[in-house]
Amino acid sequence: RDLRGPCPTRASMDTHSIDDAASMLAPFPKRAPVLTAGVQLPAGVDFLRGDAEPMHVKASPNGIKGAYGILAGDPGRIAKIAALFDDPAEVATNRGFTVWRGQLDGVNVFAAAHGIGSASAAIVFEELALLGCHTLIRVGTCGSLQAGMRVGDVVVSTGCIRDDGTTRAYLPAEFPAVASHELVTALRLATMGAEGDRPPWVGVTHCKGSFYSEVPGYVPDAAAADARWAAWVGGGAVATEMEGAALFAIGGARNMRTGMVLAVLGVTKKGPGAADESTAEAVASILTDSEEAAAGKTRAIRAAVDALRVVIRHDVTAATAGAAKRVEDRVPAAVPLAAPRAAKASTTRHCPHHGHCHAPAIGIIAVGAAAFGALAALAATAALRRAD
């Protein structure tokens, strides 16, 4: 089962690629981010303890400064992520929860560690929501579950099998844990790598509550465990990891956009039609950190940063359009923003994303309208930066 898509040739996402990718997010809701957490606390409860700093993530809104973040389990990976930011600086480290901040395209962003497993990660996701964060991309590692997958491949998760335990404290088992569609699209575009890169795998991933339980024959009820793994693989799950379900479930409950990109470290299951490995081979595949695995981690980190830039560009465009509309609404009807020529019949033009579209003939745009658009863009960008 090949769930991969085409792989265009490019080394990295330049400004033009970011703009193109952001335009492809146009069908998604255009909302300018606001720093209001989607958290309704019981009366009298203050998880920030009055000092605007959570119990575990020792950072305040003024400390992280931004509402867009990239997350990873390994604290050592946070500095590597922040190295791709402009003006990176370490904010805090407490109990392994390391936080750095910086900027992407002039907008404040951050990178934070969440530890191993959904229980640890859920604490970080909740406290980032309390701090007003609204867009989170997790960069992680995984074991593959489908035939044809290799160490170093990259996976974009569309949703998680909730086999973790933690999310049952939040939602009934029937409730799905799904990624935000715009982040799936942005990550899908960002993982279309350079020539020679293998295409990304895009699909449902499995989120487990125990790392070692995936080793064949290692748990007491091995027959039941093997049957469950066969179900996940047969149902089309592409990879297994340990934090995605908490990210998606809490993101939905707290009104945050969430996405996840993973690097394949080992072959957990070979998938339908492939011969099973011995237990020794499976363990060696899972625990060996090869050059291919290291390259996959680097590619996943770069994809997360590129995807965040795409989403930021999309949000800035949305904020610009909203500012322009608000200004236009305040302009008296007697003062036109443009002086069109005599109307012409509609013409047909080719749209690179939607085929042939009907578009009206273009009139003369007044100089004042161009200035108005530029000022609206600057005002929206400035407002977004102030909000962050």
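What you see is a predicted model, and the numbers here were worked out from it, not measured in a lab. Residue positions are counted from 1 within each chain, in the order its sequence is given. For a predicted model such as this one, the threshold for reporting local features is a pLDDT of at least 70, and the threshold for listing and counting side-chain atom pairs is 80 or more; totals across whole chains, interfaces and linings nevertheless cover every residue. As a rule here, side-chain values come from all non-hydrogen atoms in the structure, and water together with hydrogens is ignored.

Moving on, we get to the overall build of the chain. Counting its regular elements, the chain contains 10 helices and 12 strands. Exposure categories follow from relative accessible area, calculated using a 1.4 Å probe and restricted to protein chains: below 20% of the type maximum is buried, above 50% is exposed, and the middle band is partly exposed. Here the chain holds 388 residues, and 48% of them are scored as buried. Carbon and sulfur atoms make up 58% of the accessible area of the chain, which totals about 18300 Å². Numbered from the N terminus, helices here are DSSP runs of H or I no shorter than four residues, and strands are runs of E no shorter than two. Surface accessibility follows the Shrake-Rupley procedure with a 1.4 Å probe radius. Residue values consider only the protein chains on display as shielding.

Another aspect to go through is the pattern of salt bridges. We define a salt bridge as a contact between a side-chain nitrogen of Lys or Arg and a carboxyl oxygen of Asp or Glu at a distance within 4 Å. A complete count under the given rule lists 10 salt bridges for this structure. Between Asp105 and Arg309 there is a salt bridge, with its nearest N and O atoms 3.3 Å apart. With Asp105 in the loop between strand S3 (97-104) and strand S4 (107-113) and Arg309 in helix H9 (residues 291-330), this residue pair connects regions lying 204 residues apart in the sequence. Exposure remark for Asp105: the relative accessible area of 34% places this residue in the partly exposed category. Residue classification places Arg309 among the buried residues on the basis of a relative accessible area of 14%. Asp105 is the salt-bridge partner of Arg313, the closest N and O atoms lying 3.0 Å from each other. With Arg313 in helix H9 and Asp105 in the loop between S3 and S4, the pair connects residues that are 208 residues apart, well separated along the chain.

Here the chain shows a mean pLDDT of 77. Residues at 70 or above account for 66%. Segment residues 30-38 is flagged for pLDDT under 50; beyond a separation of four residues in sequence, or across chains, it makes 23 contacts in the model. Values of pLDDT, the confidence the predictor places in each residue, fall between 0 and 100. Contacts are assigned to residue pairs that have any heavy atoms within 4.5 Å of one another. This stretch, residues 330-379, has a pLDDT under 50; its non-local contacts, to residues over four places away or in other chains, come to 39 contacts.

Let us now look at the state of the cysteines. Our working definition of a disulfide is a cysteine sulfur pair at a distance within 2.5 Å. Summed over the entire model, instances satisfying the criterion amount to 0 disulfides. No disulfide involves Cys160; its nearest neighbouring cysteine sulfur is the one of Cys207, lying 5.4 Å away. The class for Cys160 is buried, based on a relative accessible area of 9%.

Turning our eyes to something else, we now look at unusual backbone geometry. Residues other than glycine seldom take positive phi values, yet Lys65 does so here, at roughly 70°. Within the secondary structure layout, Lys65 lies in the loop between helix H2 (61-64) and strand S1 (68-72). In this structure, Asp105 takes a positive phi of about 55° despite not being glycine.

Within this scheme, the nonpolar core is defined by two criteria: the residues are buried Ala, Val, Leu, Ile, Met, Phe, Trp, Tyr or Cys, and they are joined through side-chain atoms within 4.5 Å. Counting residues in each nonpolar core, the largest one holds 79 residues, and the members touching the most others are Ile81, Phe85 and Val155. With 11 residues, H9 is the largest single contributor of residues to this core. Counting residues in each nonpolar core, the second largest holds 6 residues, with Leu145, Ile161, Trp229 and Trp232 among its members.

What follows concerns the pairing of S3. The element S3 is extensively covered by neighbouring structure, given that 6 of its 8 residues are classed as buried. Strands pair, by our definition, only if DSSP identifies at least two bridges between them. Taken together, strand S2 (residues 86-94) and the strand that follows it, S3, pair antiparallel across an intervening segment of 2 residues, in which Arg95 is found at a positive phi of about 55°. Sheet analysis places S3 next to S4, joined by 6 bridges and oriented antiparallel. Note on S4: the bridge partner recorded for Arg101 is Phe110. In sequence, S3 turns back onto S4 through a hairpin of 2 residues, with Asp105 there showing a positive phi of about 55°.

The buried fraction of strand S6 (residues 154-163) amounts to 9 of the 10 residues, a majority that puts the element mostly inside the structure. Bridge count for S6 against strand S10 (residues 257-267) is 3 bridges, and the pairing is antiparallel. Each residue of the ladder has a partner; that of Val154, found in S10, is Ala263. Sheet analysis places S6 next to strand S8 (residues 201-208), joined by 8 bridges and oriented parallel. Each bridged residue has a counterpart across the sheet, and for Gly159 the counterpart in S8 is Val204.

What follows is about the side chain of Lys208. Tracing the chain through its elements places Lys208 in strand S8. A polar atom in the side chain of Lys208 sits 2.9 Å from the side chain of Glu214. At 2.9 Å, the side chain of Lys208 and the side chain of Thr240 are in polar contact. Those residues within four positions of Lys208 in sequence are excluded, and the remaining contacts are Asp163, Asp164, Glu214, Trp229, Thr240, Glu241 and Met242. N or O atoms within 3.5 Å of each other form a polar contact, as long as, within protein, one can give a hydrogen and the other can take it, and as long as residues adjacent in sequence are counted only when both atoms are side-chain atoms.

This next bit is on helix H6 (residues 222-234). The end-to-end C-alpha distance of H6, which contains 13 residues, comes to 18 Å, matching closely the 18 Å that a straight helix rising 1.5 Å per residue would cover. Taken together, the buried positions of H6 are occupied by Ala225, Trp229, Trp232 and Val233. Projected down its long axis, H6 carries its buried residues within an arc of 95°, all on one side. The secondary structure elements touched by the buried residues of H6 are S6, S8 and strand S9 (239-241). Immediately downstream of H6, the backbone of Gly236 shows phi near 100°, a positive value. To estimate how far a helix should reach, multiply one less than its number of residues by 1.5 Å. Each C-beta atom gives one direction from the helix axis, and the arc is the one those directions make.

Patch membership requires more than 30% relative accessible area and the absence of a salt bridge. Residues of like charge join within 9 Å; the nonpolar side chains Val, Leu, Ile, Met, Phe, Trp and Tyr join within 5 Å. There is a patch of nonpolar side chains on the surface, built from Phe211, Tyr212 and Tyr218 and spanning about 360 Å² of accessible area. Tracing the sequence through the fold places Tyr212 in the loop between S8 and H6. Note on Tyr212: relative accessible area 49%, which makes it partly exposed.

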